[in-house]
Amino acid sequence: MKHEYDVSILTPYHNEPLALLERNLSSVAHNIMNMNKRTGNTVYSVQQIVVVDFWDDNMARWVGPLNDKYEHVTLLAHSKNKGLPAARNTGLKLAKGEYIMLLDTDDCFTIDRISVQLDFMKKHDLDHCYGGYVELHGDKPPYPRGAEIIPPEFNRQYLLDLNNICYCGSNCFKREIVNHIGGFDEKLTGLGAEDLEFWIRLSGHTNKIKCMPRILYRLGITSRNMTAKYLKGGQFKKAYDYIKTKHNLK
């Protein structure tokens, strides 16, 4: 199958501080610029799809100019708020890359992330690859650094035990996998763990999965952090109960 891009990056956006979205888009743009400067190495073509989950006049005024500023960005919008899984699925439907990366609004790529990870995947003939992150704290600069986390080498049992070692912003997988397993489960909207459920299905489809033992992205720890919100509100327990039932887990 011929793909228009080497990689499509999916970024859902819903009312996060605009500075975080610009940090996100800029990190991808710098990856592209660095690839174009390198000689003797593969230059990968990049599409970043920003899905605005509910578009209004404010979104047009704030987000529209960023779409014009960054050539690699394709901007899409929902006419009403549908939630994170639906926003990712909208991006998946329009993704034209051979590979898919996830990058939430408050996260950003480390320098050379795209080329380093795609080189690694091609070298090892992988369908799915993930790695580590470093924390960045706050909604606006200077974004103090926090902990650095490298996950363990892949073992599907970790996922079946509901331990999400495939940290969201570090993931890259082949687009063709979606044709076999489907997109993100929209029944988990507002509960979280939609990425964990997706990795469970993905790992049941292929064993060509490997951890890249290096920092691949910067995880934003912000006032709107969904993980903290869901932990405090008890949504994750509901999500895990649903996943256990869906996948017949103990």
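Predicted, not measured: the structure shown is a model, and the values here were computed from it.

## Quick look at the overall build of the protein chain
- Broken down by element type, the protein chain carries 10 helices and nine strands.
- The C-alpha radius of gyration of the protein chain comes to 17 Å, within 12% of the 18 Å expected for a compact globule of 250 residues.
- Counting only C-alpha atoms and orienting by the principal axes, one finds that the protein chain spans roughly 50 × 45 × 35 Å.
- By the burial criterion, 52% of the 250 residues in the protein chain qualify as buried.
- Intrachain contacts of the protein chain at a sequence separation of at least 6 include 79% that bridge at least 24 residues.
- Per element, the accessible surface of the protein chain, about 11,800 Å² overall, is 50% carbon and sulfur.

## Things to note about the packing of aromatic side chains
- Applying the stated criterion across every chain yields a total of eight aromatic pairs.
- Measuring from centroid to centroid gives 6.3 Å for Tyr130 and Phe154, while their planes differ by 70°, and the two rings are edge-to-face. Of the two residues, Tyr130 sits in strand S6 (residues 128-137) while Phe154 sits in the loop between strand S7 (145-149) and helix H6 (156-160), which places them 24 residues apart along the sequence.
- For Tyr130, a relative accessible area of 0% translates into the label buried.
- With 5.0 Å between their ring centres and 80° between their planes, Tyr133 and Tyr167 make a pair best called edge-to-face. Of this pair, Tyr133 sits in strand S6 while Tyr167 sits in the loop between H6 and strand S8 (172-174), and the two are 34 residues apart along the sequence.

## Quick notes on the environment of Ile114
- Its location among the elements puts Ile114 in helix H5 (residues 113-124).
- For Ile114, a relative accessible area of 0% translates into the label buried.
- For the pair formed by Ile114 and Tyr44, sequence separation is 70 residues and the distance between their alpha carbons is 7.9 Å.
- Non-local contacts of Ile114, meaning those with residues more than four positions away in its chain, are made with Val7, Ile9, Val28, Asn31, Met35, Val46, Met101 and Phe109.

## Observations regarding the packing of helix H8 (residues 194-205) against helix H10 (residues 235-247)
- Viewed as axis vectors pointing N to C, H8 and H10 meet at an angle of 20°, and their least axial separation amounts to 10 Å. Taken together, H8 and H10 sit at an angle that is classed as roughly parallel. As H8 runs across H10, the sense of the crossing is right-handed. Two secondary-structure elements touch here, H8 through Leu196, Glu197, Ile200 and Arg201 and H10 through Tyr240, Ile243, Lys246 and His247.
- Residues belonging to the contact of H8 with H10 are distributed by class as follows: four nonpolar, one polar and three charged.

Calculation rules
Residues numbered from 1 in each chain as written. Predicted model: local features only at pLDDT ≥ 70, side-chain atom pairs only at ≥ 80, totals over all residues. Heavy atoms only, no water. Helix = DSSP H or I, 4+ residues; strand = E, 2+ residues; numbered from the N terminus. Rg over C-alpha atoms; globule rule 2.2 N^0.38 Å. Buried < 20%, exposed > 50% of the residue type's maximum accessible area, 1.4 Å probe, protein only. Contact = heavy atoms within 4.5 Å. Areas by Shrake-Rupley, 256 points an atom, 1.4 Å probe, with all protein chains shown as cover. Phe/Tyr/Trp six-rings, centres within 6.5 Å; stacked < 30°, edge-to-face > 60°. Axes fitted to C-alpha atoms, helices over the stretch in contact; angles between N-to-C directions. Parallel < 35°, antiparallel > 145°, perpendicular 65-115°, else oblique. Left-handed = near helix turned anticlockwise from the far one by under 90°. Nonpolar A, V, L, I, M, F, W, Y, C, P; charged D, E, K, R; others polar.

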